[in-house]
Amino acid sequence: MRIREEIQESIAVKERALESMVEQIQTTGERLIAQLKAGNKVLICGNGGSAADAQHFSAELINRFEKERAPLPAIALTTDSSNLTSIANDYHYDEVFATQVQALGQEGDILVAISTSGNSNSINRAIEEALKKGLYVLALTGEDGGKLKEFNSPNITLLHAPSGRTARIQEVHILVIHIWCGLIDAEFA
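Since the model is a prediction, treat every value here as computed from it, not as a measurement.

1. Digging into the pattern of salt bridges
In the structure shown here, the tally under the stated rule is 15 salt bridges. Between glutamate 6 and arginine 168 there is a salt bridge, and its shortest N-O distance comes to 2.9 Å. Of this pair, glutamate 6 sits in helix H1 (residues 2–20) while arginine 168 sits in helix H7 (residues 166–188), and the two are 162 residues apart along the sequence. Each member of the pair glutamate 6 and arginine 168 is classed as buried. Arginine 168 is the salt-bridge partner of glutamate 171, the closest N and O atoms lying 2.8 Å from each other. One end of the pair is glutamate 171 and the other is arginine 168, both in helix H7 and 3 residues apart, which spans about a single turn.

Structure (structure tokens):
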């Protein structure tokens, strides 16, 4: 039965995440907390379903997750249609997030870059710009990591969802985001 197989596969991927990702989720969550406590902001980008995850994470930080707390500074770089379309039209779609990072990012901020394949030119350009400006980068990607593996900087951490299937990767990404939100709530509530 297809439904049972999908659920079993999702559980198996999360079990692999439990074995391979716990320490990285903890340390990146601590990085988010430290930078937010220092007055920095979180910029978030992704395409397609990952754009929805970017908006979701931003909303959880600005509004709240599960506990009452003060709003925290976060910007989903996926939401301003005038910026996105003017940059894509005047330059190239590859620049839609990089240009916003250039305009809004400051040293010490965090860029959360979400790409299931790791091969998105627009995400990789945003990472390049973020690293130039002294931002920390937390890159959520899939098992292979794609071109994201080529970044070599102490200011980037790749979190690999242990799957090659987009749906399963996205499920792990939203789980990581929710865990980060819980860690942030515990510090700021």
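2. Concerning the pairing of strand E1 (residues 42–46)
Taking burial as the measure, the 5 residues of E1 include 5 buried ones, the bulk of the element. Where burial is concerned, the two faces of E1 agree: the one with Val42, Ile44 and Gly46 and the one with Leu43 and Cys45 are both buried. Once the chain exits E1 it traverses helix H3 (residues 49–62) before rejoining the sheet at strand E2 (residues 74–76), and the crossover so formed is right-handed. In this sheet, strand E3 (residues 110–114) lies alongside E1 in parallel orientation, the contact comprising 5 bridges. Along E3, the bridge assignment pairs glycine 46 with isoleucine 114.

3. Here's the deal with the nonpolar core
Counting 30 residues, the largest nonpolar core has Val42, Phe57, Val112 and Trp180 as its most contacted members. Taken together, the elements giving at least two residues each to this core come down to H1, helix H2 (22–37), E1, H3, E3, strand E4 (136–141) and H7. Among the elements that line this core, the one with the most residues is H7, at 8 residues. Other than its neighbours up to four places away in sequence, phenylalanine 57 contacts Leu32, Val42, Ile44, Val112, Ile177, Trp180 and Cys181. Judged by nonpolar contacts, the second largest core, of 21 residues, contains Ile87, Val101, Ala126 and Val137.

4. Structural notes on the packing of aromatic side chains
With the rule as written, the count across this model stands at 2 aromatic pairs. With 5.7 Å between their ring centres and 35 degrees between their planes, phenylalanine 57 and tryptophan 180 make a pair best called tilted. With phenylalanine 57 in helix H3 and tryptophan 180 in helix H7, this pair connects stretches of sequence that are 123 residues apart. Judged by relative accessible area, which is 0%, phenylalanine 57 ranks as buried. You can call tryptophan 180 buried: its relative accessible area is 0%. Both rings, one in tyrosine 93 and one in phenylalanine 97, keep their centres 6.5 Å apart while their planes meet at 75 degrees; by these two values the pair is edge-to-face. What makes tyrosine 93 partly exposed here is its relative accessible area of 39%.

5. Observations regarding the packing of H2 against H7
The interhelical angle for the contact between H2 and H7, taken along N-to-C directions, is 45 degrees, at an axis separation of 9 Å. One way to sum up the angle between H2 and H7 is to call them oblique. Handedness of the crossing formed by H2 with H7: right-handed. Facing H2, whose interface residues are Ile25, Gln26, Thr28, Gly29, Leu32, Ile33, Leu36 and Lys37, H7 presents Val176, Ile179, Trp180, Leu183, Ile184, Glu187 and Phe188. Among the residues making up the contact of H2 with H7, the classes are represented as 10 nonpolar, 3 polar and 2 charged.

About the cut-offs
Residues numbered from 1 in each chain as written. Predicted model: local features only at pLDDT ≥ 70, side-chain atom pairs only at ≥ 80, totals over all residues. Heavy atoms only, no water. Salt bridge = Lys/Arg side-chain N within 4 Å of Asp/Glu carboxyl O. Helix = DSSP H or I, 4+ residues; strand = E, 2+ residues; numbered from the N terminus. Buried < 20%, exposed > 50% of the residue type's maximum accessible area, 1.4 Å probe, protein only. Right-handed = clockwise from strand over helix to strand, strands pointing away. Pairing = 2+ DSSP bridges. Core = buried A, V, L, I, M, F, W, Y, C linked by side-chain atoms within 4.5 Å. Contact = heavy atoms within 4.5 Å. Phe/Tyr/Trp six-rings, centres within 6.5 Å; stacked < 30°, edge-to-face > 60°. Axes fitted to C-alpha atoms, helices over the stretch in contact; angles between N-to-C directions. Parallel < 35°, antiparallel > 145°, perpendicular 65-115°, else oblique. Left-handed = near helix turned anticlockwise from the far one by under 90°. Nonpolar A, V, L, I, M, F, W, Y, C, P; charged D, E, K, R; others polar.

Function cannot be read off these values alone, since they describe shape.
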